[in-house]
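Geometric and topological summary
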Amino acid sequence: MSIRRQRGGKMTRVIGIVSGKGGVGKTTTTINLATALMGFGQNVIAVDADVKMSGLGLQLGMYHFPVTLNDVLMERGYIQQALYIHSSGLRIIPASLCVEDVRVSRLKHVLSDPFLKDNIVVVDAPPGLEKNSISILKSCPEVLIVTTPEIPSITDAMKIICTAKKMDTKPIGIIVNMYKNRNSHQINFKEIESTCGIPVIGTIPEDKIIKKGLFFGVPSVLLNPYSPSSLAFKEIAARIIGENYIPPKFAFIKRFFGGLKK
Ligand SMILES: Nc1ncnc2c1ncn2[C@@H]1O[C@H](COP(=O)(O)OP(=O)(O)OP(=O)(O)O)[C@@H](O)[C@H]1O
Ligand SMILES: [Mg+2]
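First, a word on scope: everything that follows refers to the structure included in this document.

Definitions and cut-offs
- Residues numbered from 1 in each chain as written.
- Chains lettered and ligands numbered in written order.
- Predicted model: local features only at pLDDT ≥ 70, side-chain atom pairs only at ≥ 80, totals over all residues.
- Heavy atoms only, no water.
- Helix = DSSP H or I, 4+ residues; strand = E, 2+ residues; numbered from the N terminus.
- Rg over C-alpha atoms; globule rule 2.2 N^0.38 Å.
- Buried < 20%, exposed > 50% of the residue type's maximum accessible area, 1.4 Å probe, protein only.
- Contact = heavy atoms within 4.5 Å.
- Areas by Shrake-Rupley, 256 points an atom, 1.4 Å probe, with all protein chains shown as cover.
- Lys, Arg positive; Asp, Glu negative; His and termini not counted.
- Charge placed at Lys NZ, Arg CZ, Asp CG, Glu CD.
- Arc of directions from axis to C-beta.

**What about the overall build of the chain?**
When its secondary structure is counted, the chain shows 11 helices and nine strands. Its C-alpha atoms give the chain a radius of gyration of 17 Å, within 12% of the compact-globule value 18 Å for 262 residues. Summarising its shape, the C-alpha atoms of the chain cover approximately 50 × 40 × 40 Å along the three principal directions. For the chain, buried positions account for 54% of its 262 residues. Summarising the internal contacts of the chain: among those between residues at least 6 apart in sequence, 74% fall at separations of at least 24. When the accessible area of the chain is evaluated, it comes to approximately 12300 Å², of which 57% is carbon and sulfur surface. For the chain, the centre of its 33 positive side-chain charges and the centre of its 20 negative side-chain charges are spaced 6 Å apart.

See below:
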């Protein structure tokens, strides 16, 4: 599957959000990156392909899904029926909250559906290299690898990068999440770049607004657009679509007033 340029300059892109270790922030990244891309005028759909441990809908405070990605994979429903719109405007295709074996091998076919044309499809994956994760790597022409700045997480991220490179999948960058500038015990992102051989596309600091977003079921980039993690997500989104994003001056003042709203 290749990247398809569409009329009006919009591209159909399918970007997997993957990681070696679990709990490093893939779902958080999927939601906030998708929302930030929307803010740049892109048509975006976030897909929960973590079919066993789905959480994308829940993290957005959405629970009721009559038709899910599971049904589309099992040919029990159409992709159009599995699309839901969050109050923020973010469009999502959730996975079922029930644990069941589904044919994730059909994901590539599902993600090539003409219904997704002209969209940036951001695909939330399970961690690691088990069967479902491999199917997701095979289904996404591009992947972003999320890691924390600790060595075990980076080591596992490298395994994902190596596996992706062996497939028709382009690792477009590493996202270093929960970055703490002043912590000398974490690896420097320049070291991460040279170890993994692909660029660090952005670093996201540890930020309380992310837990607040989770609590309210709202993407944290909207809850406080000027918080450090929100600015980082916007920078990454801009890089992905080749735009130049300059964070606003006095963001710290706007952040304060933005933070007072919620
Ligand atoms: N930059 C951050 N600052 C603070 N908390 C964060 C940050 N990123 C993620 N979190 C929190 O870390 C936890 C794990 O995040 P998330 O669910 O996105 O990880 P994941 O990689 O999708 O996990 P899994 O592998 O289980 O699917 C969540 O509680 C989330 O709110
Ligand atoms: Mg997740």
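**Here's the deal with unusual backbone geometry**
Look at E75: it is not a glycine, yet its phi comes out positive at around 60 degrees. Tracing the sequence through the fold places E75 in the loop between α3 (69-73) and β4 (84-85). Overall, E75 belongs to the exposed group, its relative accessible area being 52%.

**Focus: helix α8 (residues 208-216)**
Listing the buried residues of α8 in full gives I209, I210 and G213. End-on, the buried residues of α8 take up no more than an arc of 105 degrees, which puts them together on one face. Opposite the packed face of α8, turned more than 90 degrees from it, sit the exposed residues K208, K211 and F215. Check the buried side of α8 and you find it contacts α1 (26-39), α2 (56-59), α9 (220-223) and α10 (228-240). G217 sits one or two positions beyond α8 and adopts a positive phi of about 70 degrees.

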